[in-house]
Amino acid sequence: MRFFVKTLILSLVLCASTAWAEPLRVVASFSIMGDMVKNVGGEDVVVTTLVGPDGDAHVYEPTPSDAKAVSNAQLLVVNGLHFEGWMDRLVQSAGYRGEIVVVSQGVTPRQMQEEHEDAAHGEQHHDPHHHGTIDPHAWQDLANGVIYVDNLIAALVKVDPDHAEAYRRRGAAYRAQLQDTDRWVRAQIATVPAVQRRVITSHDAFGYFSAAYGVEFLAPVGWNTENEPSAKDVARLIRQIKQEKTRALFVENMSDPRLIKRIAREAGGVVGGTLYSDALAPAGQTGDSYIGMFRHNVPALTAAMAQN
Ligand SMILES: [Zn+2]
């Protein structure tokens, strides 16, 4: 009998400690956020990513299983800067009242300047209050990535203070990797003469990259993939490519490649490959992590720009 009681107590203690050690349930809005959470959270978190590899978060439509994941979450990680326009409704329909961390908090947002110029010429057809006046792609500058990681560490520590030390330790190591990658990107770009640093992509996702690393990007579509380019915009871009003899044209992994292929054909350029802009590659491929995205994009960019 005494043995039985002891066994009972022991199994109760084991049950309790198993429950205690269960990893934190984190939901990340899209693949780049998901990768960051895995790097900082390690074994202390289990991550559900809503918009997966090669997915377009601009135009995403959440599914019932997304709502279920959000309602079960203990922390929700979003980019913010109006990137995930569908998130507020999802949070509401899931009845989620837990912690939400907007990891872009503290970055200096880029404003949409060209659209304002168009507006001055009476060509503005976008609602200025609609998302699209702020460039959401802040992760394309690794210095912003470091801010994202700091926000993420703080949020994980707040929600799960028992693992604070582990989050801070992994966060610091990951932060250092991002800073190393930043230095590497600068060194790579520096190998291309400044006048040759011009690239055409399908949508305008590289404004932060451009400002941070000194590469000029042109795109037929604005910041939001929802917008269709006008025939006039496309014609103007083709003229510019011919004039400047830009050879470096790229498709993006989450965008329809047809427009860029058409522009390349009409402008006499070649498509230099794929850039990862708003989503990571499927697991196992280069570009399947936030750092891997730069490791893929930057050599592709420098090789193509060398042809300009
Ligand atoms: Zn985008």
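Residues numbered from 1 in each chain as written. Predicted model: local features only at pLDDT ≥ 70, side-chain atom pairs only at ≥ 80, totals over all residues. Heavy atoms only, no water.

**Quick word on the environment of L142**
We count it as follows: Numbering of helices and strands starts at the N terminus; helices are DSSP runs of H or I of at least 4 residues and strands are runs of E of at least 2. Note on contacts: a residue pair is in contact if any heavy atoms of the two residues lie within 4.5 Å.
Looking at the element boundaries, L142 is found in helix α6 (residues 142–159). Other than its neighbours up to four places away in sequence, L142 contacts L178, T181, D182, V185, Y213, Y290 and F294.

**Some remarks on the coordination of the zinc ion**
In plain terms, the rule: For Na, K and Ca the donor cut-off is 3.2 Å, and for all other metals it is 2.8 Å, counting N, O and S atoms only; because water is absent from this set, sites may look incomplete. Four donors are marked tetrahedral only if all angles between them lie between 85 and 135 degrees, whereas four are marked square planar and six octahedral if opposite donors are more than 155 degrees apart and the other angles lie between 65 and 115; the remainder are marked irregular. Using a 1.4 Å probe on the protein chains alone, a residue whose accessible area is under 20% of its type maximum counts as buried, one over 50% counts as exposed, and one in between counts as partly exposed.
Looking at the metal site, the zinc ion is ligated by H58 (NE2), H137 (NE2), H203 (NE2) and D278 (OD), spaced 1.9 to 2.1 Å from it. Around the zinc ion sit four donor atoms; with metal-centred angles ranging over 93 to 117°, the donor geometry is tetrahedral. Every donor residue of the zinc ion comes from the same chain, spaced as H-x78-H-x65-H-x74-D. Pair noted here: H137 is in the loop between β6 (134–135) and α6 and H203 is in the loop between β7 (198–200) and α8 (207–213), with a separation of 66 residues, a long-range link. For the pair formed by H137 and H203, the shared burial category is buried.

**Re the pattern of salt bridges**
Note the threshold: What counts as a salt bridge is simple: a side-chain nitrogen of Lys or Arg found within 4 Å of a carboxyl oxygen of Asp or Glu.
For the structure shown, the criterion picks out eleven salt bridges. Between D44 and R170 there is a salt bridge; the shortest N-O distance is 2.7 Å. With D44 in the loop between α2 (31–41) and β2 (45–51) and R170 in helix α7 (residues 164–189), this residue pair connects regions lying 126 residues apart in the sequence. A salt bridge links K158 to E99; the shortest N-O distance between them is 3.0 Å. With K158 in helix α6 and E99 in strand β4 (residues 99–102), the pair connects residues that are 59 residues apart, well separated along the chain.

**Notes on the confidence of the model for the chain**
Applicable threshold: By definition, pLDDT measures how confident the predictor is in each residue, and it falls between 0 and 100.
Of all residues in the chain, 87% have pLDDT values of 70 or greater, and the mean over the chain is 89. Of the regions scoring below 50 in pLDDT, residues 115–132 engages in 14 contacts with residues more than four places distant in sequence or in other chains.

**Some words on the pairing of strand β9 (residues 248–252)**
This is how it is decided: The criterion for strand pairing is that DSSP finds at least two bridges linking the strands in question. By the criterion used throughout, a crossover qualifies as right-handed when its path from the first strand across the helix to the second strand runs clockwise, the strands pointing away from the viewer.
Counting buried residues along β9, five of its five residues qualify, which places the element largely inside the surrounding structure. Going residue by residue along β9, you find A248, F250 and E252 tucked away on one face and L249 and V251 tucked away on the opposite face as well. Direction of pairing for β9 relative to strand β10 (residues 270–275): parallel, over a ladder of four bridges. Directly across from A248, in β10, lies its bridge partner V270. Regarding topology, helix α10 (residues 258–267) serves as the crossover connection from β9 to the parallel β10, and that connection is right-handed.

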